[in-house]
Amino acid sequence: MGDTTEAPRLGTLIIGNCQAGVQLASTLRELGDTDPITLVGEEPHAPYQRPPLSKAFLKGEATADSLAFRTHDFYREHSIELVPRERIFRIIRNADGGVATAESGRTFAFARLALTTGAVPRTIPFEGSELEGVSYLRTATEATVLEQQLREARNVVVVGGGFIGLEVAAGARSAGKNVTVLEAAPRLVGRAVSEQTSEFYLQAHRRRGIRVVLNAQVVRFVGEHDRVTGVELGSRDDEGPGEIVAADVVLIGVGVAPRTELAVQLGLEVENGIVVDSRALASDGLTVAAGDCANMPNPSIGDFGAGRIRLESVQNAVEQAKVAAATLLGLPAEHRTVPWFWSDQADLKLQIAGLSGGHDRVVLRGDPDTEKFSVLYYRDGRLIAADCINSPLDFMAVKNALHKGLSVAADVVSDTTVPLKKLFAAVEAADAGRAAPSPVPVVLPAVPVPIPAGSPAA
Ligand SMILES: Cc1cc2nc3c(=O)[nH]c(=O)nc-3n(C[C@H](O)[C@H](O)[C@H](O)COP(=O)(O)OP(=O)(O)OC[C@H]3O[C@@H](n4cnc5c(N)ncnc54)[C@H](O)[C@@H]3O)c2cc1C
């Protein structure tokens, strides 16, 4: 009698068990995949949400457990094998599958492979970076240390005026700390928002008592007994040494770099992330990648940036992971959603809809002094994005409009007496050749839509 023992059925190996990895696994099951799914990650925790790490977590209002996406029962019930504390360092693959090896020596055979490896904070190799009290913030482990340090600190310095740095700065200030933000560029959050939004945040944080230094040149971190005590700045007038800003805690938040080491090893195309097509497929035509590690075409940016972009947001990770799951199962799917993002800084809620890259016009809607306003971005006469500060209705209206491909003329959106939703509804009605639901002053879209003769709007 021959050997009737069957080889174990191979399934999907997902490397990286956070936002994108968990979504990918869940979507595979939702789409009816019954093959094994293994979700491997190097962190010790069950997969958890990162955004609260710079918000509720630092106030002591959350833990890695309370931020978990799913219960252990969920993974068990869906036959998703969760493997924490394993860092994959080598993958060997061919067209039929392959084997990934962890640093512990454990191996994971797979038929299908997904990379959801995310990103790591960019580091600054300054003298004193190793001092206790100098930290980065990406993981729950780092957030736990930072939370303890912040509790005991009087003077907090944040290097980098991006979203995460400003969120931490705002939280520390609300807790009564002396907070200084050191930004190397001439404005805050310069990579992501317009000058108007940057200027608003500069003034808003200064009003709340945060010292913000723009064009700051960090020279080194200084300390005593291995603990940080200050941050030395470059001399502004080339006369004598620069200022030393007192610090018990320094958070460095100067952006992240995509984790592409496994992709490089696999010979995949990598350029500011793992280069994938709109189905999340990497250059080998076999491996999928999603989330912060992936550089994907995005219809929202048009030709700007060669039509592709790497984004760092929850919504992006979720949407790309859904597409990647479908692609692994051979189902048609394409990434076409409108990007959106949020940032909570003290009582200021920023919501961004769309991508503003390549904009050639900016329109202010509302008064920044009220801390409730929006900035709308146009390119070639069409609305492409909006930053909405404490203006959730504007955000929802723009997000829905962009989703439907609607635009509205730049010269009417600054009138806050007319809800944006109403303007878009009028455009949509005109577009469909129907009458507008209710009269609105000026309803012409930025790019003229054909209005059939006889229509009341014509
Ligand atoms: C403090 C903070 C605040 C944020 N706030 C917001 C916000 O307000 N709004 C928003 O939209 N987004 C926010 N983000 C961004 C958002 O969290 C990320 O975009 C999202 O987590 C990306 O998910 P991901 O799965 O692609 O990557 P990640 O979350 O980075 O997960 C990747 C995982 O893969 C693991 N991994 C990588 N390589 C290996 C390997 N070789 N072996 C094993 N495991 C590996 C990593 O350890 C990590 O756990 C924030 C991020 C941080 C850090």
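These numbers come from a predicted model, not from an experiment. (Residues numbered from 1 in each chain as written. Predicted model: local features only at pLDDT ≥ 70, side-chain atom pairs only at ≥ 80, totals over all residues. Heavy atoms only, no water.)

Novice: Any chance you could explain the overall build of the protein chain here in plain terms?
Specialist: A tally of helices and strands in the protein chain yields nine helices and 26 strands. Rg of the C-alpha trace for the protein chain: 25 Å, near the compact-globule value of 23 Å for 458 residues, within the 12% margin. Dimensions along the principal axes, computed over C-alpha positions, put the protein chain at roughly 85 × 70 × 40 Å. A buried classification covers 52% of the 458 residues belonging to the protein chain. Restricting the contact set of the protein chain to residue pairs at least 6 apart, pairs at least 24 apart contribute 58%. Taken as a whole, the protein chain presents about 21100 Å² of accessible surface, with 51% of it coming from carbon and sulfur. Across the protein chain, the centroid of the 45 positively charged side chains sits 4 Å from that of the 56 negatively charged ones. (Helix = DSSP H or I, 4+ residues; strand = E, 2+ residues; numbered from the N terminus. Rg over C-alpha atoms; globule rule 2.2 N^0.38 Å. Buried < 20%, exposed > 50% of the residue type's maximum accessible area, 1.4 Å probe, protein only. Contact = heavy atoms within 4.5 Å. Areas by Shrake-Rupley, 256 points an atom, 1.4 Å probe, with all protein chains shown as cover. Lys, Arg positive; Asp, Glu negative; His and termini not counted. Charge placed at Lys NZ, Arg CZ, Asp CG, Glu CD.)

Novice: Before we go on, may I ask you to explain the site of the ligand in this structure?
Specialist: For the ligand, the set of nearby residues contains 33 residues, the closest of which are E43, R50, K55, R138 and D292. Take E42: an N or O atom from its side chain is 2.8 Å from an oxygen atom of the ligand. A distance of 3.5 Å is found between an oxygen atom of the ligand and a backbone nitrogen or oxygen belonging to A119. If the ligand stood free it would expose 990 Å²; the protein chains cover 97% of that surface. Residues of the shell around the ligand, tallied by class, amount to 13 nonpolar, ten polar and ten charged. Among the domains, domain 1 (12–120 + 257–328) and domain 2 (134–254) are the pair contributing at least three residues each to the shell around the ligand. (Near = heavy atom within 4 Å. Polar contact = N/O pair within 3.5 Å; in protein donor to acceptor, adjacent residues only side chain to side chain. Nonpolar A, V, L, I, M, F, W, Y, C, P; charged D, E, K, R; others polar. Domains from an automatic or database assignment.)

Novice: Any chance you could explain the nonpolar core here in plain terms?
Specialist: One finds I15, L24, I88, I91, L115 and I274 to be the most contacted residues of the largest nonpolar core, which totals 45 residues. The dominant element in this core, judged by the number of residues it contributes, is helix α7 (residues 314–328), at six residues. When residues no more than four places from it in sequence are discounted, the contact partners of I15 are V40, I88, I91, A100, L113, A114, L115, T116, T117 and L262. Counting residues in each nonpolar core, the second largest holds 43 residues, with A169, V179, I210 and L350 among its members. (Core = buried A, V, L, I, M, F, W, Y, C linked by side-chain atoms within 4.5 Å.)

Novice: Is there a simple way to explain the confidence of the model for the protein chain in this structure?
Specialist: Parts of the model with low pLDDT should not have their predicted coordinates read in detail. Per-chain confidence: the protein chain averages 91 in pLDDT, with 92% of residues scoring 70 or above. In this model residues 439–458 is a low-confidence stretch, pLDDT under 50, and it forms 35 contacts with partners more than four residues away in sequence or in other chains. (pLDDT = per-residue confidence, 0-100.)

Novice: Help me out: how do you make sense of the UniProt feature "domain: Reductase C-terminal" (unreviewed entry) in the protein chain in this one?
Specialist: Here the UniProt feature "domain: Reductase C-terminal" (unreviewed entry) sits at residues 340–423. Taken end to end, residues 340–423 comprises 20% helix and 39% strand; its first and last C-alpha atoms sit 21 Å apart. (UniProt positions renumbered as here; feature names shortened; annotations may be inferred.)

Novice: In this structure, what is going on with the sheet that holds strand β4 (residues 88–94)? I would like to understand it.
Specialist: Whenever strands of a sheet pair, they do so through backbone hydrogen bonds, lying parallel or antiparallel. As summarised here, the arrangement of the three strands in space is β4-β5-β6, forming an open sheet in which the pairing is antiparallel. Looking at the sheet topology across the chains shown, the edges are occupied by β4 and β6 (107–110). Within this sheet the neighbouring strands show an average axis-to-axis angle of 15 degrees, counted without direction. Strand direction decides the pairing type here: strand β5 (residues 97–102) and β6, joined by four bridges, are antiparallel. Along β6, the bridge assignment pairs G98 with F110. (Pairing = 2+ DSSP bridges. Axes fitted to C-alpha atoms, helices over the stretch in contact; angles between N-to-C directions.)

Novice: I'm lost on the domain arrangement of the protein chain in this one. Help?
Specialist: The parts lose accessible area when they come together, and the size of an interface is often stated as this lost area. Looking at the assigned domains, one finds that the protein chain contains domain 1 (12–120 + 257–328), domain 2 (134–254) and domain 3 (347–431). Computed over C-alpha atoms only, the centres of domain 2 and domain 3 are separated by 31 Å. At the interface, eleven residues of domain 2 touch 14 residues of domain 3. Of the roughly 1000 Å² buried between domain 2 and domain 3, counting both surfaces, carbon and sulfur atoms make up 60%. Its largest share of buried area at the contact with domain 3, domain 2 owes to F200, Y201 and R208, together 45% of the area lost on that side. Our count for the contact surface shared by domain 2 and domain 3 stands at three salt bridges. The salt bridge involving E371 is made with R207; its shortest N-O contact spans 2.9 Å. Taken together, the links from domain 2 to domain 3 amount to five residue pairs in polar contact (both at pLDDT 80 or more). Take the side of domain 2 that touches domain 3: its biggest share by element is six residues, from helix α5 (residues 195–207). Looking at side-chain class alone, the side of domain 2 that touches domain 3 contains six nonpolar, three polar and two charged residues. (Buried area = accessible area lost by both parts, 1.4 Å probe. Salt bridge = Lys/Arg side-chain N within 4 Å of Asp/Glu carboxyl O.)

Novice: Whenever I open this one, the sheet that holds strand β11 (residues 178–182) confuses me. Can you help?
Specialist: A sheet is described by the order of its strands in space; here five strands give the open sequence β9-β16-β10-β11-β12, paired in parallel fashion. Strands with a single pairing partner mark the edges of an open sheet, and in this sheet they are β9 (134–135) and β12 (211–213). Note: β11 against β12, three bridges, orientation parallel. When the sheet's bridge partners are listed, V181 is paired in β12 with V212. Against the sheet, helix α3 (residues 140–152) contacts β9, β10 (155–159) and β16 (249–252), and its axis sits at roughly 140 degrees relative to β16.

Novice: Explain the pairing of strand β22 (residues 340–345) here, please?
Specialist: Working note: regular strand, side chains alternate between the two faces of the sheet. Where β22 meets strand β23 (residues 348–354), six bridges bridge the pair, whose relative direction is antiparallel. Across the sheet, D344 pairs through a bridge with K349, a residue of β23. Taking the residues that link successive antiparallel strands as the turn, the β22-β23 hairpin has two residues, and the phi of A346 there is positive, at about 55 degrees.

Novice: Which parts of the structure should I look at to understand the pattern of salt bridges?
Specialist: Once the charged atoms of two side chains with opposite charge are near each other, the side chains can pair. This model, assessed by the stated rule, comprises 27 salt bridges. With its nearest N and O atoms 3.6 Å apart, the salt bridge here joins E42 to R87. Here E42 is found in the loop between β2 (37–40) and α2 (72–77), whereas its partner R87 is found in the loop between β3 (80–83) and β4, with 45 residues between them in sequence. Residue R87 is classed as partly exposed on the basis of its relative accessible area of 36%. Where salt bridges share partners, they join E42, R87, E103, R259 and E261 into one cluster.

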